[in-house]
Amino acid sequence: MLGRSAFFMKQAGQGKPIVILEAGAGEDSMTWKNIIPAVAQFSQVMAYDRTGLGRSVGLPTPYTAMQLVDELHGLLHASQLEEPYLLVGHSLGALLCRLYTQQYRHEVAGLILLDGPHPDQGNRFTAALTQAGWQEHELIQSVLKMASGVAPEQHPEGLDFAKSLAQVDQTQTFGDLPLVVVSRGRSLVETMPDLPAQAAIIFDRIWNRMQDELTMLSTRGVHLTAKRSGHYIHCDDPELVVETIHQVVRTIRNGSPHE
């Protein structure tokens, strides 16, 4: 396992719970530049560069999400950051936060998933688009491959994404853990205009349904839609992300249901 010195970390603020920020695929801690100083006003916050990104040392590839979870677990404990944590993950980072909670539930006080993947997304998209007759479209094929898991050598971090999705225990839920799922509000019709509009609408419908399902990981799950945002919600609408983090921090401190 990589030691603490192998990772670049950013820490700011004071207070509990410690907010751990987990970036999307290929992104380092700089992606949180608009989030860290705002969150530091009301709690301690930490972001870091995953293995091989930014200023952190790399692991041999390919590897899986569970290996990255174990690396984060080692980093948090080596850094003596006090649990339980509020985990905030975007995209791939949301998958890592879910897997961390799956493995170390007692260390997690709350969970925020920003437009994160669903473990069955490849199958769902493929079935719906095949039924609608779009499965042979070249660009559709490309998107389906990304959703299911491109080859590790084509992934921005050398991750075996298909194997990583399979590491999710879809039977496990997290009780009454404070959970907020924030999904993009802008349609793929806008953000990927080269996609056939009818296919983009199908993608949107399936994606929103899966985001609803993610909220059912907790009996206190809440689904918010970032109406003016594409996939990078923390960049498009940092105020919404900061306020969501603040609300969950207050929920954890008060021990009351998230509203």
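Parameters at a glance
Residues numbered from 1 in each chain as written. Predicted model: local features only at pLDDT ≥ 70, side-chain atom pairs only at ≥ 80, totals over all residues. Heavy atoms only, no water. Helix = DSSP H or I, 4+ residues; strand = E, 2+ residues; numbered from the N terminus. Buried < 20%, exposed > 50% of the residue type's maximum accessible area, 1.4 Å probe, protein only. Contact = heavy atoms within 4.5 Å. Areas by Shrake-Rupley, 256 points an atom, 1.4 Å probe, with all protein chains shown as cover. Pairing = 2+ DSSP bridges. Axes fitted to C-alpha atoms, helices over the stretch in contact; angles between N-to-C directions. pLDDT = per-residue confidence, 0-100. 1 Å grid on protein atoms, 1.4 Å probe; cavity = no way out; pocket = protein on both sides within 12 Å on 5 of 7 lines; lining within 4 Å. Points joined across faces, edges and corners; volume = space filled by probe spheres on them. Nonpolar A, V, L, I, M, F, W, Y, C, P; charged D, E, K, R; others polar. Parallel < 35°, antiparallel > 145°, perpendicular 65-115°, else oblique. Left-handed = near helix turned anticlockwise from the far one by under 90°. Phe/Tyr/Trp six-rings, centres within 6.5 Å; stacked < 30°, edge-to-face > 60°. Expected span 1.5 Å × (residues − 1). Core = buried A, V, L, I, M, F, W, Y, C linked by side-chain atoms within 4.5 Å.

Moving on: the overall build of the protein. When you go through the protein residue by residue, the secondary structure sums to ten helices and seven strands. If you line up the protein on its principal axes, its C-alpha atoms span 55 × 45 × 35 Å. Burial statistics for the protein: of 259 residues in total, 54% are counted as buried. Relative to all contacts within the protein whose residues are 6 or more apart in sequence, the contacts with residues 24 or more apart total 77%. Carbon and sulfur atoms form 49% of the exposed surface of the protein, whose accessible area is close to 11300 Å².

What follows is about the sheet that holds strand S3 (residues 45–48). In sheet architecture, strand pairing relies on hydrogen bonds along the backbone and comes in two forms, parallel and antiparallel. Taken together, seven strands build an open sheet; the order of strands is S1-S3-S2-S4-S5-S6-S7 and the sheet is mixed. Lying at the two open borders of the sheet, with one neighbouring strand each, are strand S1 (9–12) and strand S7 (221–226). Put simply, the sheet's adjacent strands are angled 15 degrees from each other on average, direction ignored. For S1 and S3, the ladder comprises four bridges, and the chain directions are antiparallel.

For any part of a model where pLDDT is low, the fine detail of the predicted coordinates should not be relied upon. In the predicted model, the protein carries a mean pLDDT of 91, and 96% of its residues have values of at least 70. In this model residues 1–5 is a low-confidence stretch, pLDDT under 50, and it forms eleven contacts with partners more than four residues away in sequence or in other chains.

The volume enclosed by the largest pocket comes to roughly 760 Å³. What lines the largest pocket is a set of 26 residues, and nearest its centre among them are Ser 91, Gln 121, Met 146, Ala 147 and His 231. Among the secondary structure elements, those contributing two or more residues to the lining of the largest pocket are helix H4 (121–131), helix H5 (138–148), helix H7 (188–191) and helix H8 (197–215). Residues that form the lining of the largest pocket fall into these classes: 15 nonpolar, nine polar and two charged.

Taken N-terminus to C-terminus, the directions of H4 and H5 make an angle of 155 degrees; their axes are 8 Å apart at the nearest point. As far as their axial angle goes, H5 and H4 are roughly antiparallel. Crossing hand, H4 versus H5: left-handed. Contact with H4, carried on its side by Gln 121, Gly 122, Phe 125, Thr 126 and Leu 129, involves Ile 140, Leu 144, Ala 147 and Ser 148 of H5 and no other residues of that element. Of the residues contributing to the contact of H4 with H5, the split by class is five nonpolar, four polar and no charged.

What follows is about the packing of helix H2 (residues 65–78) against helix H3 (residues 92–103). Taken N-terminus to C-terminus, the directions of H2 and H3 make an angle of 70 degrees; their axes are 9 Å apart at the nearest point. Between H2 and H3, the crossing angle belongs to the class labelled roughly perpendicular. Remark: the crossing between H2 and H3 carries right-handed chirality. For the pair H2 and H3, contact is made by Ala 65, Met 66, Leu 68, Val 69, Leu 72, His 73 and Leu 76 and by Leu 95, Leu 96, Leu 99, Tyr 100, Gln 102 and Gln 103, respectively.

Per the stated rule, a full pass over the model turns up four aromatic pairs. Between Phe 125 and Phe 203 the ring centres are 4.9 Å apart and the planes differ by 65 degrees, which places this aromatic pair in the edge-to-face class. With Phe 125 in helix H4 and Phe 203 in helix H8, this pair connects stretches of sequence that are 78 residues apart. Judged on exposure class, the residue Phe 125 and its partner Phe 203 are both buried.

Turning next to H2. Compared with the 20 Å implied by 1.5 Å per residue over 14 residues, the 20 Å span of H2 between its first and last C-alpha is a close match. With ten of its 14 residues buried, H2 lies for the most part within the structure. Restricting attention to buried positions, one finds in H2 the residues Ala 65, Met 66, Leu 68, Val 69, Glu 71, Leu 72, His 73, Gly 74, Leu 75 and Leu 76. Buried positions along H2 lie against S1, strand S2 (18–22), S3, strand S4 (85–90), H3 and helix H6 (161–166). Immediately beyond the C-terminal end of H2, within one or two residues, lies Gln 80, with a positive phi of roughly 55 degrees.

Ranked by size, the top nonpolar core spans 39 residues in total, and within it Ile 20 and Tyr 100 carry the most contacts. Mapped by element, the contributors of at least two residues to this core are S2, S3, H2, S4, H3, strand S5 (108–114), H6 and strand S6 (179–184). In this structure, Val 39, Phe 42, Val 242 and Val 248 belong to the second largest nonpolar core, which totals 24 residues.

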